[in-house]
Amino acid sequence: MSVSTVIAALACVLGTLAVHIVCRSLYPVYMSQLRLLRGPPSPSFFYGHVNIACKAGNSTITQHWIARYGTNVPCRWLCRIPCLWTADPVVIRHVLCSDKYVKPLEARISAAQIIGDGKRYSLDRNRLSPAFGASQIRDLMHIFVHKSAELREIWADEIYKSGGCARINAMDGLQKLTLDAISLAGFGLDLKALNKNGESNEIDEAFCEIFSAVPPVTIYRVMMDWLPFLDFFPDERTEKIRRARAVIRRIGIGLIREKKAAIRREVDIGNGVLDKKDLPGKDLLTLLIKANMASNLADSQRLTDEEVLSRDFLVAGHESTTITTAWCLFALTQNLNIQQKLREELLGVPTDSLTMDDLALLPYLDRVVRETLRLYTPVVFTLRAAAEDDVIPLSEPIVDRHGKAQHEIPIAAGNRVIISILEPHHSKAIWGDDALEFRPERWDNPPEAASSIPSVWGNVLAFAAGPHSCIGYRFAIAEIKAVLFTLVRSFVFELGVAPEDVTAVGMLTQRPALKSEPAVGPQLPLLIRPYLHSASS
């Protein structure tokens, strides 16, 4: 037998084996029972329904889906992989609270392009959870208050220079405020992104590059996210993200090394033993480093400096808090009576130095924040993939393509589930006919149906639920409240453009922007003037 014949036979065997492996792994995914359910036709062979189901501002389309197919809609993910889009609270609870569902590869890869690979998340969560407790957030309140006061003074100067009323892009100042606050609380580092001279720094510029524009979903971009080593000709946005990540990595690694050296100097380790209980230091990075250096931690659980740097609490907190606060200010411009009612409550606090105890005495502020997170939730959807075959219960039966009622949905391992966060928040079946109105008073007596929404706080999905819920939700709520407390007490806000010009942009998050200026990216122009106390007050 000739060598060429042997090679040909070997190639045939290997090819057959490869085809068998691919078919064995993909066949169950594509032949999932989801294909038997009624749903909208796929608008694209490659993109499927991704650009419809996952893009901010497309709620009209998804509401049409609900009206026609119900709250559980079979659709197509990338490469026409069958997936389930759902706004059903029962399904959402089942998926989010189960360890059978994980973030799929494409979601982890996309996140890693910006913040690094998020390995061993559950280990980090156990180490970081104590840092996000109520008592720890209490110790951080002075940071939120101080940075809010800095923004107040910067805006006051702009108002003075403008003769009593200034047109200000609120997104810019809020982004710098939240970046400063979370870098102080998370890293123990004051970036001074907020400053009266308008000067920027490397980290500030890096985050502006990352979040300045909404990246389109293209075949090329998806393939390069999956196979970055083939990205020989990166587009402009990819180059910006790479430069930004290089800056964040350089500064972050340097900071980690400085903190590790300081820990070794400051802690009396005796015979070289550092126990997990020896955790002085308030910022989250110091806590994680010390837990990672503990001698009673298994080597398999230790993170490298790169893995420590890749923890995403900095990026996630910075983005979502900025967006939520901006949308709250927008809502207050559209409801001036609510703005004034909130202001009157806030002015009842006799000091600018807000504490956690003070927050407990501000119920209307709490309702305003809850209503903002309901109506203008910063994250539009979250994505999960079934790690194994499963059967999902439904809140009500659905009719398949054959006219048969189905009370549950079989899911194959690998099928994606797109969990809509926005639609349950806007559901009239849950919230009533005024579901699309900004009405904080609804939280005085929330509808019973709202209890069906899985949540870690306030019957809203903004912070998700289950084992992968947002670990820093207390942090975010306290910061948002501190910012609103400081700004609404001091200023009157009006919208700087026509309300119909304001829209939401983004694939995962919904950021305020202007229809008339799409190239500018996220922005929220406000007319801001000082609040003048009446003589009687």
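Residues numbered from 1 in each chain as written. Predicted model: local features only at pLDDT ≥ 70, side-chain atom pairs only at ≥ 80, totals over all residues. Heavy atoms only, no water.

## A closer look at the sheet that holds strand β8 (residues 416-420)
Strand order across the open sheet formed by five strands is β1-β2-β8-β5-β3, with mixed pairing between neighbours. One side of each edge strand has no neighbouring strand; the edge strands of this open sheet are β1 (72-76) and β3 (101-102). Judged from the five bridges that link them, β1 and strand β2 (residues 82-86) form a sheet pairing that is antiparallel. Bridging across to β2, V73 finds its partner in W85. Across the face of the sheet, helix α4 (residues 89-96) comes into contact with β1, β2, β3, β5 (381-386) and β8 while running at roughly 125 degrees to β8. (Pairing = 2+ DSSP bridges. Helix = DSSP H or I, 4+ residues; strand = E, 2+ residues; numbered from the N terminus. Contact = heavy atoms within 4.5 Å. Axes fitted to C-alpha atoms, helices over the stretch in contact; angles between N-to-C directions.)

## Quick notes on the environment of H407
Relative to the helices and strands, H407 resides in strand β7 (residues 405-411). With a relative accessible area of 56%, H407 lands in the exposed category. When the C-alpha atoms of H407 and L394 are compared, they prove to be 6.0 Å apart, with 13 residues separating the residues in sequence. If we skip the residues at most four places from it in the chain, H407 touches P393, L394 and P397. (Buried < 20%, exposed > 50% of the residue type's maximum accessible area, 1.4 Å probe, protein only.)

## Comments concerning the packing of aromatic side chains
Scanning the model with the defined rule gives eleven aromatic pairs in all. Ring geometry for W155 and F493: centres 6.4 Å apart, planes at 70 degrees, overall edge-to-face. Separated by 338 residues along the polypeptide, W155 in helix α7 (residues 134-161) and F493 in strand β9 (residues 491-495) bring together distant segments of the chain. Over the face of the ring belonging to W443 we find R370, whose NZ or CZ atom lies 6.0 Å from the ring centre. Here the basic side chain of R374 rests over the ring of W431, its NZ or CZ set 5.3 Å away from the ring centre. (Phe/Tyr/Trp six-rings, centres within 6.5 Å; stacked < 30°, edge-to-face > 60°. Lys NZ or Arg CZ within 6 Å of the ring centre and 35° of its normal.)

## Structural notes on the packing of α7 against helix α20 (residues 473-490)
Orientation of α7 relative to α20, taken along the N-to-C sense of each, is 35 degrees, at an axis distance of 8 Å. Handedness of the crossing formed by α7 with α20: right-handed. Counting all contacts with α7, which are made through A134, I137, L140, M141, F144, V145, S148, A149, L151, R152 and W155, the residues of α20 involved are R474, F475, A478, E479, A482, V483, T486, L487 and S490. For the contact of α7 with α20, a count of residues per class yields 14 nonpolar, three polar and three charged. (Left-handed = near helix turned anticlockwise from the far one by under 90°. Nonpolar A, V, L, I, M, F, W, Y, C, P; charged D, E, K, R; others polar.)

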